[in-house]
Amino acid sequence: MKIIEHATLPDGTKIQLEDWSENNTEQFPDLYGMHIGAYPIAKNTGKYWIQGGQPFRLTISQNKYTGYSNDDVRADFEALKNGTKALEDLAAHFWNGEKDMWYLGMNVEYKGW
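On a predicted model such as this, the values are computed, not experimentally measured, just so you know.

**Q** An account of the pairing of strand E4 (residues 58-61) is requested, with residue identities and associated values reported.
**A** Side chains Leu58 and Ile60 of E4 all project onto a buried face; the interleaved residues Thr59 and Ser61 project onto the opposite face, where all are buried too. By the bridge criterion, four bridges tie strand E3 (residues 34-39) to E4 in an arrangement that is antiparallel. When the sheet's bridge partners are listed, Ala38 is paired in E4 with Leu58.

So, in structure tokens, the structure goes:
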């Protein structure tokens, strides 16, 4: 994994643009690509590691199966940096889906995470 760029959101959340494509194989040449790694403060405490009031890792990654490309990830990284989008706007692309939404304090049902 290569970190392409670090940034800080207007609310102070640290983010980074990552390229994971070096992990691709001949058999799976497009499996990995661009990711946004974000470290927001959790609003809710999880069952195991995530603690409310502490930063946690939230991943937003390309997914060719849903049509979310590397270019989309880059564009969303720029939108996060300049404040035209917030992490919550990208919830459809959260790696851990509703679990990450719940940690962020979004309105989703708690499912025992």
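**Q** Run through the pattern of salt bridges, naming residues and quoting values.
**A** All chains considered together, the criterion is met by five salt bridges. The salt bridge partner of Lys81 is Glu5, with a shortest N-O separation of 2.6 Å. Note that Lys81 is positioned in helix H1 (residues 70-82) and Glu5 in strand E1 (residues 2-8), a separation of 76 residues in sequence. Residue Lys81 is joined to Glu78 by a salt bridge in which the shortest nitrogen-to-oxygen separation is 3.2 Å. Of this pair, Lys81 and Glu78 both sit in helix H1, three residues apart, roughly one helical turn. The exposure class assigned to Glu78 is partly exposed, which follows from its relative accessible area of 36%. When salt bridges that share partners are traced, they join Glu5, Glu78 and Lys81 into one network.

Conventions adopted
Residues numbered from 1 in each chain as written. Predicted model: local features only at pLDDT ≥ 70, side-chain atom pairs only at ≥ 80, totals over all residues. Heavy atoms only, no water. Buried < 20%, exposed > 50% of the residue type's maximum accessible area, 1.4 Å probe, protein only. Helix = DSSP H or I, 4+ residues; strand = E, 2+ residues; numbered from the N terminus. Pairing = 2+ DSSP bridges. Salt bridge = Lys/Arg side-chain N within 4 Å of Asp/Glu carboxyl O.

Don't take any of this as a statement about function, it's just geometry.
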